[in-house]
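Analysis of the macromolecular model
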Amino acid sequence: MRILGIETSCDETAASVVALGEDAPHILSNVVLSQIEDHAAFGGVVPEIAARAHVEALDGIVEAALADAGTKLSDIDAIAATAGPGLVGGLIVGLMTAKAIAAAAGKPLIAVNHLEGHALTARLTDGLSFPYLLLLVSGGHTQILLVRGVGDYQRWATTIDDALGEAFDKTAKMLGLPYPGGPSVERTAAAGDATRFAFPRPMKGEARPDFSFSGLKTAVRQAATAIAPLSDRDVADICASFQTAVSDALGDRVARALARFREEYPAVDAPALVVAGGVAANKTIRATLETLCTDNGFAFVAPPHALCTDNAAMIAWAGIERMRAGLLDPDAMDFVPRSRWPLDSVSVPVVGSGRRGAKA
């Protein structure tokens, strides 16, 4: 089985070919074109610029993915494309391109939830068995989900305000650090004193399992304003203190989820926590969560950096998982891109529900 995956949900144009043989899956190609330079001057992603960049690049990216895989389109079994959530302009570009390829080649189309791609990546890289816990931390999402099977997810916790990646980006912008904010804060924090500023650990100790980062972001702004103008040392210390506060808060929230998993699934001999999304690349956060898992008897699974950030290999793999599970949608060619598309459609939205649907 060979699937061509297409990903255009935000500011990366990506295509990949993933194969599933008798022994294990193989990523035959994974081509990603980043738009960071296109958006850097604006301090964030500009949807219109992102959509136009996808239009200009996607055909060439798909051709490169097929060439790198040594595969012809006739050898592909299906086309999988991100259909949501994300910036709707980019989603339209990727999904319409996938529809055109599928129609011209006579191949099935699989509309993939971007978050499901992240949720299932650990099965591609580590062969993980169901059930397991997923901590999804990205620019738009901060959630803990129970992954019970393909298409079967239960949200255990989510952010009640900002996503963690958003908090990193806004902190970087306040401190005058370049976009993207997450890597900039992490690099700057390496030279800072994490004990200088006593930033709050939002929600720590509370019975409610959810996350909150708006207050922490406000505390950073107040600290920076109080000592302005900031020296390089000040910026480094603020970044280090912020990063430590985030890691402590995450650790407290995740610890509750680990305990709940133990209670609800006592028969699982080798429980696992999967960390996915762009923020999962942060080394301090990884170290905190890895120690937490070790102390609680959980395996810590974090995909390689290239598969933590947006990529098409995870979309192709999600397509393979859906084909194996018999979950192909016969009306996929009529699928409309969704800017909002929760993995768990049953749990009551905590924030951001409106005409376009639930955000989290």
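This structure is a prediction, so every number in the text was calculated from the model and none was measured.

Turning to the overall build of the protein, a few remarks are in order. Across its full length, the protein carries 11 helices and 10 strands. Relative to the 2.2 N^0.38 estimate, which gives 21 Å for 360 residues, the radius of gyration of the protein is 20 Å and therefore close to what a compact globule would have. In terms of overall dimensions, the protein has a C-alpha envelope of 60 × 50 × 40 Å along the principal axes. Here the protein, with 360 residues, has 52% of them falling under the buried criterion. Carbon and sulfur atoms form 52% of the exposed surface of the protein, whose accessible area is close to 15,000 Å².

With that settled, the discussion passes to the environment of Pro-108. Structurally, Pro-108 is set in the loop between helix 3 (88-105) and strand 5 (109-113). Along the backbone, Pro-108 and Met-174 are 66 residues apart, and their C-alpha atoms lie at a distance of 47 Å.

Two elements in contact, helix 5 (residues 164-174) and helix 6 (residues 181-189), have axes whose closest approach is 7 Å; the angle formed by their N-to-C orientations is 65°. Helix 5 and helix 6 meet at a crossing whose hand is left-handed. Contact with helix 5, carried on its side by Phe-168, Asp-169 and Ala-172, involves Gly-181, Gly-182 and Val-185 of helix 6 and no other residues of that element. In terms of residue class, the contact of helix 5 with helix 6 is built from three nonpolar, two polar and one charged.

Below, the discussion takes up the sheet that holds strand 10 (residues 299-301). Taken in spatial order, the five strands make up an open sheet running 8-7-6-9-10, and their pairing is mixed. Of all strands in the sheet, those bounded by a partner on one side alone are strand 8 (152-158) and strand 10. Across the sheet, the axes of successive neighbouring strands diverge by a mean angle of 25°, strand direction being ignored. Across the sheet, helix 4 (residues 114-126) touches strand 6 (132-137), strand 7 (142-149), strand 8, strand 9 (272-276) and strand 10, and the angle it forms with strand 6 is around 125°.

Take unusual backbone geometry next. Residue Pro-131 is reached from Phe-130 by a cis peptide bond, and omega for that bond is -5°. Cis geometry marks the peptide bond from Ala-228 to Pro-229, where omega comes out at 0°. Checked against the element boundaries, Pro-229 lands in the loop between helix 7 (214-226) and helix 8 (232-264). One non-glycine residue, Met-203, adopts positive backbone phi at about 70°.

What follows deals with the pattern of salt bridges. Here the structure, examined in full by the defined rule, presents 14 salt bridges. Here Asp-210 and Arg-208 are joined by a salt bridge, their closest N and O atoms 2.8 Å apart. The exposure class of Asp-210 is buried, given its relative accessible area of 8%. Taking the relative accessible area as the measure of exposure, Arg-208 reaches 40% and is therefore partly exposed. For Asp-237, the salt bridge goes to Arg-233, with nearest N and O atoms at 3.6 Å. With a gap of four residues between them, Asp-237 and Arg-233 both fall in helix 8, about one helical turn apart. A relative accessible area of 4% places Asp-237 in the buried class.

Conventions adopted
Residues numbered from 1 in each chain as written. Predicted model: local features only at pLDDT ≥ 70, side-chain atom pairs only at ≥ 80, totals over all residues. Heavy atoms only, no water. Helix = DSSP H or I, 4+ residues; strand = E, 2+ residues; numbered from the N terminus. Rg over C-alpha atoms; globule rule 2.2 N^0.38 Å. Buried < 20%, exposed > 50% of the residue type's maximum accessible area, 1.4 Å probe, protein only. Areas by Shrake-Rupley, 256 points an atom, 1.4 Å probe, with all protein chains shown as cover. Axes fitted to C-alpha atoms, helices over the stretch in contact; angles between N-to-C directions. Left-handed = near helix turned anticlockwise from the far one by under 90°. Contact = heavy atoms within 4.5 Å. Nonpolar A, V, L, I, M, F, W, Y, C, P; charged D, E, K, R; others polar. Pairing = 2+ DSSP bridges. Salt bridge = Lys/Arg side-chain N within 4 Å of Asp/Glu carboxyl O.

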